[in-house]
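Residues per chain, in single letters:
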Amino acid sequence: MAEQQLVVFALGSEEFGIDISQVREIVRTQEITKIPQASNFIEGIVNLRGQIVPIVDLCKRFGIGNTTVEDDGQRRIIVVNMESQMVGILVDGVSEILRIPDGAVETPPQMIAMGMNQEFITGVAKVEKRLIIILDLNKVFSFEEQAELSEVETTA
């Protein structure tokens, strides 16, 4: 039976998953250097072993509101390969790596798909009593936003 392997993380009270093949590494939060006049969801940049990586806050990008994590010790940066660049995603915590059979993944409800620009949701996985929203990171950011992330990386 076909299955997906996902890195599961929290944003606020919701759980999301991304395909493990896009994840390069998961690191603790560190000092983020702010970038003047960047979009509000771009937190800034970090130096990750000599490489400049732009950091985005998905809570801000999705309009979920502020993090529910009081202790920054739980927050993580998931470093992912998106299209042709490396980006760090700031999340409230990474809970696990899950293998989910394709049969447990449903298409997003029509209301969600039509309500907003949410073609980046590839499905919703039902795991016991949990619902995990599966994201396609390559579609989370518009072409303009991806260009801005690329610019942030090259001007740093």
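Everything quoted here is computed from the prediction, not taken from an experiment.

As a further point, take the sheet that holds strand β5 (residues 51–57). Taken together, five strands build an open sheet; the order of strands is β3-β6-β7-β5-β4 and the sheet is mixed. The outermost strands of the open sheet, each flanked by one partner alone, are β3 (23–28) and β4 (42–48). In this sheet, adjacent strand axes meet at a mean angle of 30° when their direction is disregarded. Strand direction decides the pairing type here: β5 and strand β7 (residues 85–91), joined by three bridges, are parallel. From the neighbouring strand, Asp57 faces β7, where its bridge partner is Leu90.

Glancing now at the side chain of Glu43. Considering the arrangement of structural elements, one finds Glu43 in strand β4. Looking at Glu43, its side chain comes within polar contact range of the side chain of Lys34, at 3.3 Å. Leave out the neighbours within four places in its chain, and Glu43 touches Ile32, Thr33, Lys34, Ile55, Val56, Asp57, Lys60 and Leu90.

This paragraph deals with the side chain of Gln85. Looking at the element boundaries, Gln85 is found in strand β7. Setting aside residues up to four positions removed in sequence, Gln85 forms contacts with Pro54, Val80, Gln146, Leu149, Ser150 and Glu153.

A few words on unusual backbone geometry. Within the chain, Arg49 stands out as a residue other than glycine whose phi angle is a positive 50°. Within the element layout of this structure, Arg49 appears in the loop between β4 and β5. Take Arg49: its relative accessible area is 65%, and that puts it in the exposed class. One non-glycine residue, Glu128, lies in positive phi territory at about 50°. Exposure remark for Glu128: the relative accessible area of 77% places this residue in the exposed category.

Moving on: the packing of aromatic side chains. In total, this model carries four aromatic pairs according to the counting rule given. The interplanar angle of 20° and the centroid separation of 6.0 Å between the aromatic rings of Phe9 and Phe16 together place this pair among those described as stacked. The same class applies to Phe9 and to Phe16, which are both buried. Aromatic side chains Phe62 and Phe120 sit 5.1 Å apart centroid to centroid with 5° between the ring planes, which places their arrangement in the stacked category. One end of the pair, Phe62, is in helix α1 (residues 58–62); the other, Phe120, is in the loop between α2 (110–115) and β10 (121–127), with 58 residues separating them in the sequence. Both residues of the pair, Phe62 and Phe120, belong to the buried class. One aromatic cluster is present, built from ring pairs that chain together Phe9, Phe16, Phe62 and Phe120. Its end group placed over the ring of Phe41, Arg61 keeps NZ or CZ at 5.7 Å from the ring centre.

Calculation criteria
Residues numbered from 1 in each chain as written. Predicted model: local features only at pLDDT ≥ 70, side-chain atom pairs only at ≥ 80, totals over all residues. Heavy atoms only, no water. Pairing = 2+ DSSP bridges. Helix = DSSP H or I, 4+ residues; strand = E, 2+ residues; numbered from the N terminus. Axes fitted to C-alpha atoms, helices over the stretch in contact; angles between N-to-C directions. Polar contact = N/O pair within 3.5 Å; in protein donor to acceptor, adjacent residues only side chain to side chain. Contact = heavy atoms within 4.5 Å. Buried < 20%, exposed > 50% of the residue type's maximum accessible area, 1.4 Å probe, protein only. Phe/Tyr/Trp six-rings, centres within 6.5 Å; stacked < 30°, edge-to-face > 60°. Lys NZ or Arg CZ within 6 Å of the ring centre and 35° of its normal.

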